[in-house]
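# Coordinate inspection notes
Each chain, letter by letter, is given below.
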Amino acid sequence: MNGGETLMPFTPLLVVADRILTTEKIMTSQILHAELIKHFSADVQQLTEEQLTVYAGGWPNHLPMAILDAIYSIRTRYTTKHGKGLLPRLKTFKETHPQAAQDLRELLQLSTADIEAILGLGKTSGTSKAQAALHVAKNLTELAPPVYTAQDFNYLNTEHERAYRSVHGLGKVTYRYLGMLLGYGDVKPDIWIVRAVQRVADTHQLGLNITPALARLIVTETHNVTGSGETVAHLDHAIWLNERENHPVAASSRSTACRMKTGGVVKPRVL
């Protein structure tokens, strides 16, 4: 104390320097992201009208079908040139169990064996996909208020998301896909979407390592800037088609990926 003056607490110079560096990093990151959005917006101008409109939109009024699709599509061929794959089996399930295709209460009347008889014996992280689907259905119907149909489900509701993601083997990527299948606009940042954004970043030497979260941000903002595609899901699908057709990777890499969406196109994508 000196003459009644109060001394301010001493802030070490290293702390101040660290704060300055952190601020600079944030500003640099924001500038680079803005640059990437600009360049990616230019890149998507090459997308064709066919690519931008081919997305079929999933199962907007069939919550059980969307759940089964999201889960069974993990590491699975959606369609093949010979008319096989997941999509034909999903259609068979819908025709065989029309009530279960629309209402989770009806789906829960089926056994694991009933589902596997049509959709197969697939597993995700060691868990039967049929059991995982039934577990999600049970979780949703036990909420207050309960969720039975697509009209009851809210993709943005954290309780609904937790009911899905709490099941072993299911995560945020397939939850986003579930939302897309129900008509919610979103991006599924799989290996092809990440590669598309990384390709543009590398072309313009931005020095960015594209993560799924960043890829989702860039595609979403690009849709907001350009308006390309009826929804961001349409743009997401068009980018995937273009990347796979015009910027292919080695066959060994392609074989490890599995992309799933309705529309009758083979969609390899890792979930």
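Residues numbered from 1 in each chain as written. Predicted model: local features only at pLDDT ≥ 70, side-chain atom pairs only at ≥ 80, totals over all residues. Heavy atoms only, no water.

What follows concerns the environment of Ala 34. Summarising the element assignment, Ala 34 is placed in helix α1 (residues 13-43). Linking Ala 34 and Glu 221, residues 187 residues apart in sequence, is a C-alpha distance of 9.5 Å. (Helix = DSSP H or I, 4+ residues; strand = E, 2+ residues; numbered from the N terminus.)

It is worth spelling out unusual backbone geometry at this point. The linkage connecting Ala 144 with the following residue, Pro 145, adopts the cis geometry, with an omega of 0°. Within the secondary structure, Pro 145 is located in the loop between α7 (129-141) and α8 (158-165). Even without being a glycine, Ser 125 presents a positive backbone phi close to 50°. Mapped onto the fold, Ser 125 is located in the loop between β1 (123-124) and β2 (127-128). Of the residues examined, Ser 125 reaches a relative accessible area of 55% and is grouped as exposed. Phi at Gln 205 takes a positive value of approximately 50°, unusual for a residue other than glycine. Note on placement: Gln 205 falls in the loop between α10 (191-203) and α11 (212-226). The exposure class assigned to Gln 205 is exposed, which follows from its relative accessible area of 73%. (Buried < 20%, exposed > 50% of the residue type's maximum accessible area, 1.4 Å probe, protein only.)

What follows deals with the confidence of the model for the protein chain. With 79% of its residues at a pLDDT of at least 70, the protein chain reaches an overall mean of 85. Residue range residues 250-271 is modelled with pLDDT below 50. Its contacts to residues more than four positions away, or to other chains, number 94 contacts. (pLDDT = per-residue confidence, 0-100. Contact = heavy atoms within 4.5 Å.)

Moving on: the packing of helix α6 (residues 112-119) against α7. At their nearest, the axes of α6 and α7 sit 9 Å apart, and the two run at 125° to each other. In terms of orientation, α6 lies oblique with respect to α7. Relative to α7, the crossing made by α6 is right-handed. For the pair α6 and α7, the contacting residues are Thr 112, Ile 115 and Glu 116 in the first and Ala 130, Gln 131 and Leu 134 in the second. Taken together, the residues of the contact of α6 with α7 sort by class into 3 nonpolar, 2 polar and 1 charged. (Axes fitted to C-alpha atoms, helices over the stretch in contact; angles between N-to-C directions. Parallel < 35°, antiparallel > 145°, perpendicular 65-115°, else oblique. Left-handed = near helix turned anticlockwise from the far one by under 90°. Nonpolar A, V, L, I, M, F, W, Y, C, P; charged D, E, K, R; others polar.)

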